[in-house]
Amino acid sequence: MPADSGIAEAASVLRTGGLVAFPTETVYGLGANALDARAVARVFEAKARPSFDPLITHLAEAAELEKLVGAVPAAVAALAERFWPGPLTLIVDRPAVIPPIVTSGLQTMAVRVPDHEAARALIAAAGVPVAAPSANRFGQLSPTRAEHVVRGLGAAVDVVLDGGSTRCGIESTIVDVRGDRPVVLRLGALPVEALEEAVGPVSVRSGSSGQPVAPGTLAAHYAPRTPLRLAAGAEPAAGEGARRGFLAFRERPSGDWAAVEVLSGRGDLTEAAARLFDALHRLDGTGVDEIVVEPVPDVGVGRAINDRLRRAAATWR
Ligand code: TXA
Ligand code: MG
């Protein structure tokens, strides 16, 4: 359904325990009523998502957080005030009304207010907080268009709201501000530099731990079906008989590639992030034997792009 005219019907589907995929400024989410444990269980099932991987709760506006959790810690309130609505997810204590399945049994809850009119209108019309992971099967490419959702999840979703391509194209940045120094649990659309300008130095949790607090941080994630690897310097011409695709940052590579996607001809990282998953979905659809990807400059949102590329490549190592 179109994202604007479908809101009322989609909200009623949410209220009655159904699943609604909806656009946000980052990627499409697969939403369920966060107060309804059975609806949330359907989200895990539809995504084939392991039960240890907690969901993000989405609110229509920042003022809803206080209603949900009671007193909002000052550090959370400060970042919410500065960056919501927007691609920042914050960690708070899980309130009793949120069933443990949402947080995979953790005592903490991830929460954000998306910067997308249809998303916020949907959540407001549903009148409940909405638990929503990215609307893809677990471990696969994230969806930045309604077609990606339909192709990946199909009949497992009751309604898909189509709002076109998402603006940021990469998931929210997840930050835990409960300790002395803020910790970035997942690099994302809000650059670390922007965070540090607001709160001073932050730590970035790198790699993956055995205890996946944020499984978007699992070593292997965000993967296409086609084997993918990071380019190693100048790529040799494609080998005999192999059909390979190349994901370039700004310049077309020389050599004999069966398919090439350029993320941003003008070298703009924001544009590159917005196009990243769509370009990977397209390369994945060409039937090449291998996708070779070129890392982008490791600054701003480029850090989150490289993070996704590394994890996608790790799936195939
Ligand atoms: O941009 C986004 O964040 C998108 C849109 C739909 O909002 N959502 C998204 O959700 O990326 P998902 O489920 O694909 O990724 C959520 C990440 C997971 O890595 C999960 O482990 C982490 O958030 N997470 C959820 N609750 C957490 C918690 N209490 N503590 C630490 N990490 C948490
Ligand atoms: Mg995801």
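Residues numbered from 1 in each chain as written. Chains lettered and ligands numbered in written order. Predicted model: local features only at pLDDT ≥ 70, side-chain atom pairs only at ≥ 80, totals over all residues. Heavy atoms only, no water.

Observations concerning the packing of helix α1 (residues 7–15) against helix α5 (residues 117–126)
One way to put it is that α1 packs onto α5 with a least axis distance of 8 Å and a crossing angle of 50°. Between α1 and α5, the angle is such that the two are oblique. Relative to α5, α1 is oriented so that their crossing is right-handed. Note on element contacts: α5 touches α1 through Ala118, Ala121, Leu122, Ala125 and Ala126, opposite Ile7, Ala10, Ala11, Leu14 and Arg15. Residues of the contact of α1 with α5, tallied by class, amount to nine nonpolar, no polar and one charged. (Axes fitted to C-alpha atoms, helices over the stretch in contact; angles between N-to-C directions. Helix = DSSP H or I, 4+ residues; strand = E, 2+ residues; numbered from the N terminus. Parallel < 35°, antiparallel > 145°, perpendicular 65-115°, else oblique. Left-handed = near helix turned anticlockwise from the far one by under 90°. Contact = heavy atoms within 4.5 Å. Nonpolar A, V, L, I, M, F, W, Y, C, P; charged D, E, K, R; others polar.)

Focus: the packing of aromatic side chains
Tallied over the entire structure, the rule returns two aromatic pairs. Taking the centre distance of 6.1 Å and the plane angle of 40° together, the rings of Tyr222 and Phe277 count as tilted. Within this pair, whereas Tyr222 is found in the loop between β10 (203–204) and β11 (228–230), its partner Phe277 is found in helix α8 (residues 269–284), the two being separated by 55 residues in sequence. Judged by its relative accessible area of 0%, Phe277 falls in the buried class. Look at Phe246 and Trp257: their rings are 4.8 Å apart centre to centre, the planes differ by 55°, and that puts the pair in the tilted class. Pair noted here: Phe246 is in strand β12 (residues 244–248) and Trp257 is in the loop between β12 and β13 (259–262), with a separation of eleven residues, a long-range link. For Phe246, a relative accessible area of 5% translates into the label buried. (Phe/Tyr/Trp six-rings, centres within 6.5 Å; stacked < 30°, edge-to-face > 60°. Buried < 20%, exposed > 50% of the residue type's maximum accessible area, 1.4 Å probe, protein only.)

Side note on the sheet that holds β11
The strands making up a sheet associate through hydrogen bonds between their backbones, and the pairing can be parallel or antiparallel. As summarised here, the arrangement of the four strands in space is β11-β14-β12-β13, forming an open sheet in which the pairing is parallel. The open sheet terminates on both sides in strands that have one partner only, identified here as β11 and β13. In this sheet, neighbouring strand axes are inclined to one another by 20° on average, regardless of whether the strands run parallel or antiparallel. In terms of strand pairing, β11 meets strand β14 (residues 290–293) through three bridges, oriented parallel. Each bridged residue has a counterpart across the sheet, and for Arg229 the counterpart in β14 is Val292. Sheet strands touched by α8: β11, β12, β13 and β14. Its angle to β13, the strand with the most contacts, is close to 175°. Of the strands in this sheet, β11, β12 and β14 touch helix α9 (residues 302–315), which is tilted by about 125° from β11. (Pairing = 2+ DSSP bridges.)

Side note on the packing of α8 against α9
Following both chains from N to C, one finds α8 and α9 inclined at 20°, their axes separated by 9 Å at the closest point. It follows from the interaxial angle that α8 and α9 lie roughly parallel. For the pair α8 and α9, the crossing hand works out as left-handed. Within the contact between the two elements, α8 uses Leu269, Ala272, Ala273, Leu276, Phe277 and Leu280 and α9 uses Gly302, Ile305, Arg308 and Leu309. A breakdown of the residues in the contact of α8 with α9 according to their chemical character gives eight nonpolar, one polar and one charged.

Some details on the pattern of salt bridges
Throughout the structure, instances matching the rule amount to 18 salt bridges. Among the salt bridges present, the one from Arg229 reaches Glu290, with a minimum N-O distance of 2.8 Å. Separated by 61 residues along the polypeptide, Arg229 in strand β11 and Glu290 in strand β14 bring together distant segments of the chain. Since its relative accessible area comes to 30%, Arg229 is described here as partly exposed. Here Glu261 makes a salt bridge to Arg275, at a shortest N to O gap of 3.7 Å. (Salt bridge = Lys/Arg side-chain N within 4 Å of Asp/Glu carboxyl O.)

Re the nonpolar core
Membership of the largest hydrophobic core comes to 72 residues, with the highest contact counts inside it found for Leu30, Leu88, Ile170, Leu247, Leu276, Leu280 and Ile305. Of all the elements, α8 adds the most residues to this core, at eight residues. Among residues more than four places away in sequence, those in contact with Leu280 are Leu141, Leu228, Leu247, Ile291, Val293 and Leu309. The next biggest cluster of nonpolar side chains, apart from the first, holds 19 residues, and it includes Ala11, Val20, Val128 and Val159. (Core = buried A, V, L, I, M, F, W, Y, C linked by side-chain atoms within 4.5 Å.)

So, the sheet that holds strand β1 (residues 20–22)
What the ten strands build is an open sheet, ordered β7-β1-β2-β6-β3-β5-β4-β8-β9-β10; its pairing is mixed. Across the chains shown, the open sheet's two edge strands, defined by having one partner strand only, are β7 (159–160) and β10. Pairing of strand β9 (residues 183–186) with β10, which is carried by two bridges, proceeds in the parallel orientation. The residue of β10 that forms the bridge with Val183 is Ser203. Helix α2 (residues 37–47) rests against β2 (29–33) and β6 (130–131) of the sheet, and its axis sits at about 155° to β2.

In short, shape yes, function no, at least from these values alone.
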